[in-house]
Amino acid sequence: MVVWITGASDGIGAALVKEFAKADYSVVLSARRESQLRQVAVDARLNDDKCMILPLDLEYTEDIQKNVEKIVGRFGRIDVLLLNAGISQKGMAENTLESVERSIMEVNYFANTRIVKAVLPHMKAAGGGKIVVVSSIIGKFGGPFLSTYSASKHALVGYFESLRYEVNADKISVLIVTPGFIRTGIAKKAVTEDGSAFNEDSKAQEKGTEPEKVAAKIRKALEGGRKHLYVGGPETFTPMFKFVFPGLFYKIWKKLHKL
Ligand SMILES: NC(=O)c1ccc[n+]([C@@H]2O[C@H](COP(=O)([O-])OP(=O)(O)OC[C@H]3O[C@@H](n4cnc5c(N)ncnc54)[C@H](OP(=O)(O)O)[C@@H]3O)[C@@H](O)[C@H]2O)c1
C-alpha cells in the first residue's frame, strides 16, 4: 500500500510517517524542508525502496500534476492520500494583509483541492482509494485572531463532505480528521498580520495530545472506514457543546480570551 503524506516534515505529519512505516506502507513524504523530510524518513526506519522524498511548497502548486505523475511512475499507484499540511494564524482580521489571507487559503485549502483533482483519476483507474484531510476544531467554530485559518478549515470540511458523495461510487472514501490541541510547533510558526512568524509557544499546544497518539488514531480510523475522527483531549467536545448550548459557549469562549 502507498500513502502520500503532506506536511510530513514535522508534528502530526512526521508522526504519521512513522505510523504508516510501522504498518509496512510505502510512504511519499512532502513538505518544503527536504533535509527535514530525509531525517523523518531515517527516524521512521523507512527503507529506500519504500520511501520517496517529494519536496513541495503548497503555496505554489501549478505543477502538481507532474509531482503526482512522479509518484505513480515510482510506485504505480496512490492508495492513501493524506492531506495534513497546514499553517496557523495569529492576528486581528481587520489588520491582516490580503496577501497573508491568500497565502493561508492557498496552503490550507486550494493546494488540497488541486492535489485531489490530480490524484482522483489514478485512484479511479486503480479501482478505489482513501483520502484523509486534516481539519481542526476551529473548522467547526470561529476563534479570535484565527479568522482566515478558521475559514480555511471550514472550507475543507464543506469541500470534502461534498466530495465524499461524488466519489463513493468509485470506491474512494473520505475521512475528515478534526484535531483539538496537539503538541506540535504549529502555534509558534503561525503567521501574523504582516506574514511574519508569531514566534511564541502556545500553552494549549504544549499541554496538548502527543502527535504519535493522533497518528495511531488516524490510521485506525482510516483502516476502519470511518468518515470522521475527532482527536485530542476534552476540547474535542466543544463543537457539540456549542451546538447544544450556543449562548453559554460564546460567553465562556469570550471569557477565556479576555474579550
Ligand atoms: N497542532 C494542533 O494543535 C492542531 C490542531 C488542529 C489542527 N491541526 C492541523 O494539523 C495539521 C498538521 O499540523 P501540525 O500541528 O503537525 O503543524 P506543524 O508541526 O507546524 O507541521 C506543519 C507541516 O506542514 C508543512 N507546511 C507548512 N507550510 C507548507 C507549505 N507552504 N508547503 C508545504 N508544506 C508546508 C510543514 O513543513 P515545512 O515547514 O517543511 O514546509 C510541516 O511539515 C495542520 O493542517 C493543522 O492545521 C493541528
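Values in this document were obtained by computation on a predicted structure and should not be read as measured data. For every chain, the first residue of the written sequence is number 1, and numbering continues from 1 onward in sequence order. pLDDT decides what is reported in this predicted model: residues at 70 or higher carry local features, side-chain atom pairs at 80 or more are listed and counted, and totals for whole chains, interfaces and linings draw on all residues regardless.

A. The arrangement of helix α2 (residues 34-43) in detail. Among all positions of α2, only L37, V40 and A41 are buried. Mapping the buried residues of α2 onto a view down its axis gives an arc of 100°, with all of them on the same face. Looking at α2, the residues exposed on the side facing more than 90 degrees away from the buried face are S35, V42 and D43. To sort residues by burial, count the other C-beta atoms lying within 10 Å of each one's C-beta; a count of 20 or more means buried, 12 or fewer means exposed, and anything in between means partly exposed. C-beta atoms are built from the backbone. Runs of E in the DSSP output that reach at least two residues are strands. Runs of H or I that reach at least four are helices, and both are numbered from the N terminus. The arc refers to the directions leading from the helix axis to the C-beta atoms.

B. Examining the site of the ligand more closely. In this analysis, residues qualify as near a molecule or strand once their C-beta atom, positioned from backbone atoms, comes within 6 Å of it. Neighbouring the ligand are 31 residues; G7, G11, R32, G86 and T184 lie closest to it. When residues in the shell around the ligand are grouped by element, the largest group, three residues, is from helix α1 (residues 11-22). Residues belonging to the shell around the ligand are distributed by class as follows: 13 nonpolar, 12 polar and six charged. Basically, the charged four are Asp, Glu, Lys and Arg, the nonpolar ten are Ala, Val, Leu, Ile, Met, Phe, Trp, Tyr, Cys and Pro, and anything else, Gly included, counts as polar.

C. Local environment of the environment of I218. Relative to the elements of secondary structure, I218 occurs in helix α7 (residues 211-223). Of the residues examined, I218 has 25 C-beta atoms within 10 Å and is grouped as buried. For the pair I218 and N168, spaced 50 residues apart in sequence, the C-alpha to C-alpha distance is 20 Å. Ignoring any residue separated from it by four or fewer positions in sequence, one finds I218 in contact with L16, V132, V177 and L229. Note that contacts rest on C-beta atoms placed from the backbone: two residues are in contact if these are within 7 Å.

D. Here's a closer look at the packing of helix α4 (residues 98-125) against helix α5 (residues 147-167). In the contact formed by α4 and α5, the axes pass within 8 Å of each other and the chain directions differ by 15°. As the angle between them shows, α4 and α5 are arranged roughly parallel. When the axes of α4 and α5 are compared, the crossing they make is right-handed. Contacts between α4 and α5 involve E101, I104, M105, N108, Y109, N112, T113, V116 and L120 from the first element and T148, Y149, S152, K153, A155, L156, Y159, L163 and V167 from the second. By residue class, the composition of the contact of α4 with α5 is 11 nonpolar, five polar and two charged. Here an axis means a line fitted to C-alpha atoms, over the contact stretch when the element is a helix, while the angle between two N-to-C directions is reported on a 0 to 180 degree scale. Each angle gets one of four labels, with under 35 degrees taken as roughly parallel, over 145 as roughly antiparallel, 65 to 115 as roughly perpendicular, and the rest as oblique. Crossings are assigned a handedness: left-handed for a near helix turned anticlockwise from the far helix by less than a right angle, right-handed for a clockwise turn.

E. Quick look at the packing of α1 against α7. Contact pair α1 / α7: the axes reach a minimum separation of 8 Å and the direction vectors enclose 55°. As judged from the angle between their axes, α1 and α7 are oblique. Between α1 and α7 lies a crossing whose hand is right-handed. Judged by residue contacts, G11, I12, A15, L16, K18, E19 and F20 of α1 engage P211, E212, V214, A215, A216, I218 and R219 from α7. Looking at the contact of α1 with α7, its residues break down into nine nonpolar, one polar and four charged.

F. The arrangement of the pairing of strand β5 (residues 129-134) in detail. Burial analysis of β5 places six of its six residues in the buried class, the great majority of the element. Alternating residues of β5 divide into G129, I131 and V133 and K130, V132 and V134, and every residue in both groups is buried. In this view, the connection linking strand β4 (residues 80-83) to its parallel neighbour β5 by way of α4 has right-handed handedness. Whether two strands pair depends on DSSP finding at least two bridges between them. Of the pairings in the sheet, the one linking β5 to strand β6 (residues 172-179) comprises six bridges and is parallel in character. Residue pairing across strands places V132 opposite L175, the latter belonging to β6. The crossover handedness rule: strands pointing away from the viewer, path from first strand over the helix to second strand clockwise, crossover right-handed. The parallel pair β5 and β6, bridged by α5, forms a crossover whose chirality is right-handed.

G. Broad picture of unusual backbone geometry. In this structure, R45 is a non-glycine residue whose phi angle is positive, near 55°. For R45, the position within the fold is in the loop between α2 and β3 (51-53).

H. Structural view of the nonpolar core. We define a nonpolar core as a collection of buried residues of the types Ala, Val, Leu, Ile, Met, Phe, Trp, Tyr and Cys that are connected via C-beta atoms lying within 7 Å of each other. Counting 70 residues, the largest nonpolar core has I5, V17, V27 and V132 as its most contacted members. With 10 residues, the single largest contributor to this core is α4. In contact with V17, other than residues within four places in its own chain, are I5, A8, V27, L29, V40, A41 and A44.

I. Focus on the environment of L58. Checked against the element boundaries, L58 lands in the loop between β3 and α3 (64-75). For L58, a count of 24 C-beta atoms within 10 Å corresponds to the buried category. Taking C-alpha positions, L58 is 24 Å from N95, a pair spaced 37 residues apart along the chain. In contact with L58, not counting residues within four places along its chain, are T6, A85, V107 and A111.

J. Structural view of α5. Here α5 contains 21 residues, and its C-alpha end-to-end distance of 30 Å stays within 8% of the 30 Å for a straight helix at 1.5 Å per residue. Among the residues of α5, T148, Y149, S150, A151, S152, K153, L156 and F160 are the ones counted as buried. Looking at the buried positions of α5, the neighbouring elements they touch are α4, β5 and β6. Here a helix's expected span is defined as the number of its residues, less one, multiplied by 1.5 Å.

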